[in-house]
Amino acid sequence: MKVTRQLRLEVERREVAVRTPITVRVRDHRRQPVEGALVTTETKSVRTDGRGLCRLQFDSPGFWKLTARKGPSERVAYEPASTLVRVVPNEAALRPYRPAKPR
């Protein structure tokens, strides 16, 4: 009998600057790390290690959809998970907005 587990995709930050590496964690619905999950974007893919971790960086700004998938084993099937990351041109764009003080 196969058990189905829902993957969870966690990113350390949802907003990063171009060429800034981010750590991605893939876990199952029981919060256990998932080794060998494939994390993909439109242009890249990387597998998670034994701790369910991998690193990505983006070369152009925009909203990037990350998707985590893992093929089924004899006993376990996995439902994929997705999240969005916003990539901005530079670190200055990450600063919180502060209105100018009136003179």
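The coordinates are above.
Model, not experiment: these values are computed from the prediction.

Caption draft 1: Structural context of the environment of Leu84. The residue Leu84 is located in strand β9 (residues 81-88) in this model. Since its relative accessible area comes to 48%, Leu84 is described here as partly exposed. For the pair Leu84 and Leu66, spaced 18 residues apart in sequence, the C-alpha separation works out to 6.1 Å.

Caption draft 2: Structural detail: the pattern of salt bridges. Per the stated rule, a full pass over the model turns up 6 salt bridges. Among the salt bridges present, the one from Glu10 reaches Arg25, with a minimum N-O distance of 3.9 Å. One end of the pair, Glu10, is in strand β1 (residues 3-11); the other, Arg25, is in strand β3 (residues 22-28), with 15 residues separating them in the sequence. The class of Glu10 is partly exposed, set by a relative accessible area of 24%. Owing to a relative accessible area of 29%, Arg25 belongs among the partly exposed residues under this scheme. Among the salt bridges present, the one from Lys44 reaches Asp59, with a minimum N-O distance of 3.7 Å. Pair noted here: Lys44 is in the loop between β4 (38-40) and β5 (45-47) and Asp59 is in the loop between β6 (53-56) and β7 (62-69), with a separation of 15 residues, a long-range link. Asp59 sits in the partly exposed class, given a relative accessible area of 47%. Residues joined in a network through salt bridges with shared partners are Glu10, Arg25 and Arg27.

Parameters at a glance
- Residues numbered from 1 in each chain as written.
- Predicted model: local features only at pLDDT ≥ 70, side-chain atom pairs only at ≥ 80, totals over all residues.
- Heavy atoms only, no water.
- Helix = DSSP H or I, 4+ residues; strand = E, 2+ residues; numbered from the N terminus.
- Buried < 20%, exposed > 50% of the residue type's maximum accessible area, 1.4 Å probe, protein only.
- Salt bridge = Lys/Arg side-chain N within 4 Å of Asp/Glu carboxyl O.

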